[in-house]
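# A structural walkthrough
One letter stands for each residue in the lines below.
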Amino acid sequence: MKDINFSRRDFLRTAGAVGLAAAFGGIPADIFAEGRRLYKFPEKTDLILLTSRPPQLETPLHYFKELITPNEALFVRWHLANIPTSVDLNKWRLMIGGNTDKALELSMDDLKKFEKVSFTAVIQCSGNGRSFFEPRAAGGQWQNGAMGNVTWSGARLKDILTQAGIKAGSVDVVFDGLDSGPLPKVPDFVKSLPLDKAVEDDIIIAYEMNGEPLTMLNGFPARLVVPGWYATYWVKALREITVVSKTYEEFWMNPAYRIPDTPCACVAPGSKPGKSVPITRMNTRSLIIEPAAAASLKVGRTVDIMGLAFSGGYSIKDVTVSVDGGNTWRESRFGKDMGKYSWIQWYYTWKPEKKGKYTLMARATNSIGESQPFESLWNPSGYMWNKIESIDVNVA
Ligand SMILES: Nc1nc2c(c(=O)[nH]1)N[C@H]1C(S)=C(S)[C@@H](COP(=O)(O)O)O[C@H]1N2
Ligand SMILES: [Mo]
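Residues numbered from 1 in each chain as written. Chains lettered and ligands numbered in written order. Predicted model: local features only at pLDDT ≥ 70, side-chain atom pairs only at ≥ 80, totals over all residues. Heavy atoms only, no water.

With that settled, the discussion passes to the overall build of the protein. A count of helices and strands for the protein gives four helices and 26 strands. Sorting the 396 residues of the protein into buried and exposed places 52% on the buried side. Partitioning the intrachain contacts of the protein with sequence separation of at least 6 by distance along the chain shows that 70% fall at a separation of at least 24. Put simply, the protein has 47 plus and 42 minus side-chain charges, and the middle of one group is 4 Å from the middle of the other. (Helix = DSSP H or I, 4+ residues; strand = E, 2+ residues; numbered from the N terminus. Buried < 20%, exposed > 50% of the residue type's maximum accessible area, 1.4 Å probe, protein only. Contact = heavy atoms within 4.5 Å. Lys, Arg positive; Asp, Glu negative; His and termini not counted. Charge placed at Lys NZ, Arg CZ, Asp CG, Glu CD.)

Take the sheet that holds strand β25 (residues 356-366) next. The strand order β19-β26-β25-β21-β22 describes an open sheet built from five strands, whose pairing is mixed. Lying at the two open borders of the sheet, with one neighbouring strand each, are β19 (296-297) and β22 (330-331). The pairing of strand β21 (residues 316-322) with β25 spans six bridges and is antiparallel. Opposite Asp-318, over in β25, you have Thr-365 as the bridge partner. (Pairing = 2+ DSSP bridges.)

Buried accessible area, meaning the area lost when the parts come together, often serves as the stated size of an interface. Here the domain parsing of the protein yields domain 1 (94-117 + 148-278) and domain 2 (285-395). Of note, the centres of domain 1 and domain 2, computed from C-alpha atoms alone, are 32 Å apart. Interface area, domain 1 with domain 2, both sides summed: about 1,300 Å², of which 67% is carbon and sulfur. Summed over the shared surface of domain 1 and domain 2, the number is zero salt bridges. Between domain 1 and domain 2 we count four residue pairs in polar contact (both at pLDDT 80 or more) in total. Listing elements by their share of the side of domain 1 that touches domain 2, those giving two or more residues are β9 (147-156) and β16 (258-260). Considering every element that reaches the side of domain 1 that touches domain 2, the biggest residue donor is β16, with three residues. (Domains from an automatic or database assignment. Buried area = accessible area lost by both parts, 1.4 Å probe. Salt bridge = Lys/Arg side-chain N within 4 Å of Asp/Glu carboxyl O. Polar contact = N/O pair within 3.5 Å; in protein donor to acceptor, adjacent residues only side chain to side chain.)

For the rest of this paragraph, the subject is the packing of aromatic side chains. In this description, a pair of aromatic rings is defined by centroid distance and the angle of the planes. Applying the stated criterion across every chain yields a total of 14 aromatic pairs. Seen from their ring centres, Phe-133 and Trp-385 are 4.9 Å apart, and the 85° between their planes marks the pair as edge-to-face. Residue Phe-133 is found in the loop between β8 (116-124) and β9, and its partner Trp-385 is found in the loop between β25 and β26 (389-395); the two are separated by 252 residues along the sequence. Judged by its relative accessible area of 3%, Phe-133 falls in the buried class. (Phe/Tyr/Trp six-rings, centres within 6.5 Å; stacked < 30°, edge-to-face > 60°.)

Around ligand 1, 18 residues are found, and the nearest of them are Phe-75, His-79, Asp-179, Arg-223 and Lys-236. A distance of 2.7 Å separates an oxygen atom of ligand 1 from a polar atom in the side chain of His-79. For ligand 1, a nitrogen atom lies 2.6 Å from a polar atom in the side chain of Asp-179. For ligand 1, whose accessible area on its own is 530 Å², the fraction buried by protein is 100%. (Near = heavy atom within 4 Å. Areas by Shrake-Rupley, 256 points an atom, 1.4 Å probe, with all protein chains shown as cover.)

A word on the pairing of β8. The element β8 is largely enclosed, with a buried count of seven among its nine residues. Strand direction decides the pairing type here: β8 and β9, joined by nine bridges, are antiparallel. Paired with Ile-123 across the two strands is Gly-148, which belongs to β9.

Below, the discussion takes up the nonpolar core. The biggest cluster of nonpolar side chains holds 78 residues, and the ones touching the most others in it are Leu-111, Trp-152 and Ile-205. Two domains each provide a minimum of three residues to this core, namely domain 1 (94-117 + 148-278) and domain 2 (285-395). Leu-111 has contacts with Trp-92, Leu-94, Leu-106, Ala-155, Ile-160, Ile-205, Tyr-207 and Ala-222, leaving out every residue within four places of it along the chain. Membership of the second largest hydrophobic core comes to 21 residues, among which are Ile-288, Val-319, Val-321 and Ile-344. (Core = buried A, V, L, I, M, F, W, Y, C linked by side-chain atoms within 4.5 Å.)

In this section: the sheet that holds strand β11 (residues 190-194). To summarise the sheet geometry, strands pair through backbone hydrogen bonds and adopt either a parallel or an antiparallel arrangement. Strand order across the open sheet formed by five strands is β7-β6-β15-β10-β11, with mixed pairing between neighbours. With one partner strand each, in any of the chains shown, β7 (104-106) and β11 form the two edges of the open sheet. Recorded for the sheet is a direction-independent mean angle of 15° between the axes of neighbouring strands. By the bridge criterion, three bridges tie strand β6 (residues 94-98) to β7 in an arrangement that is antiparallel. Bridge pairing in β7 places Met-95 opposite Glu-105. (Axes fitted to C-alpha atoms, helices over the stretch in contact; angles between N-to-C directions.)

All right, on to the state of the cysteines then. As enumerated under the stated definition, the model contains one disulfide in all. There is a disulfide in this structure between Cys-264 and Cys-266, and the S-S distance comes to 1.9 Å. On the sign convention where negative means left-handed, the S-S torsion of about -90° between Cys-264 and Cys-266 marks this disulfide as left-handed. Judged by relative accessible area, Cys-264 falls into the partly exposed class, the value being 33%. Under the relative-accessibility criterion, Cys-266 is labelled buried at 13%. (Disulfide = S-S within 2.5 Å.)

Okay, the environment of Pro-54 next. Checked against the element boundaries, Pro-54 lands in the loop between β3 (46-52) and β4 (55-58). We classify Pro-54 as buried; its relative accessible area is 14%. Taking C-alpha positions, Pro-54 is 39 Å from Asp-304, a pair spaced 250 residues apart along the chain. With residues up to four places along the chain from it excluded, the contact list for Pro-54 reads Trp-78, His-79, Leu-80 and Ala-81.

Mapped onto the fold, Leu-183 is located in the loop between β10 (172-177) and β11. Residues Leu-183 and Asp-109 lie 74 residues apart in sequence; the distance between their C-alpha atoms is 34 Å.

Here the focus is the side chain of Asp-176. Of note, Asp-176 is situated in strand β10. Once you skip the residues sitting within four places of it in the chain, Asp-176 turns out to touch Asp-188, Phe-189, Val-190, Val-235, Leu-238, Arg-239 and Glu-240.

Below is the structure:
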């Protein structure tokens, strides 16, 4: 068993308590941060609670001062009410089949016999930052905490598919996890990748995050990791991988998780796109972590403005910073380079010489010239938020 504290009963009791506390309005004052409610789930620290069933938990911003997001602080997002709360590795098998020469049933020991690959990659929900869109986009109202930077380890999907033998005429590879909806009519969370994407070298079935087994809420015992692409494809608690000879188009591929088929993946705010395509690669974005929004700074005293930046699999080339609301821009310094899928930390030293209100901004550009827009790129689902970050601080 994964964890003795993780019996289904304990887990549901914890989750149920959230509902009860909310129903009675009896929420202790000390479980708020950034004005939002915090809650602790098994194996996790206090995280910002969006919903308890299914769990949707956001990482408080201060964790992003760290280059690597600790496992207990990584955000959590499930779509369906029935999620695995314990998995017995003696019984768990990853099944691979469909349009393959043979069907495989891999135990965790079998999975660990494939070459082990490790890299650091940002995991980010398509809806990260959704709450900032105007007009409002329907869906979980995430701020900036539906992301994290994690070192993932596991087996190459390609190696596993090669062992099964991909038959001619294969088109998509389909991934299903152990979760399910409360009623049979609720579509099961199933995602697919085009075959040519699925056999890329960097796509892995991860069984470790930051050198530890995955936490239950982040997909124990194994999950798909598609570095550079939005986390909707990173199917958790994997159960079955099926190679198919037709384009897979069930609910979570169509109509869910699609973006306008326009060059900016955007439409006029409030309007509907004519044609849509599945969301895929992450765009380029940055975030200011320090100082915090509305911070009070001292005139004549040096501050290190610090933040992070990343893009969908292309390294960040530069991050420019403005301390005057976008009139002038200066280059920042970078921290340690953890590879093209990781975020990079950037720093800019600033000494405000006059009292007043200042607007700090950051803009990242990746190695193929993709950058951040001055105005948000609106789409009906509120995906891909990457407007140039901007915070106000006071100097006194
Ligand atoms: N089995 C399963 N995998 C899933 C999901 C899900 O609902 N079920 N949600 C996806 C989405 S949309 C996101 S953003 C990520 C969240 O991963 P995390 O909970 O580890 O942060 O998981 C992905 N994998
Ligand atoms: Mo997501």
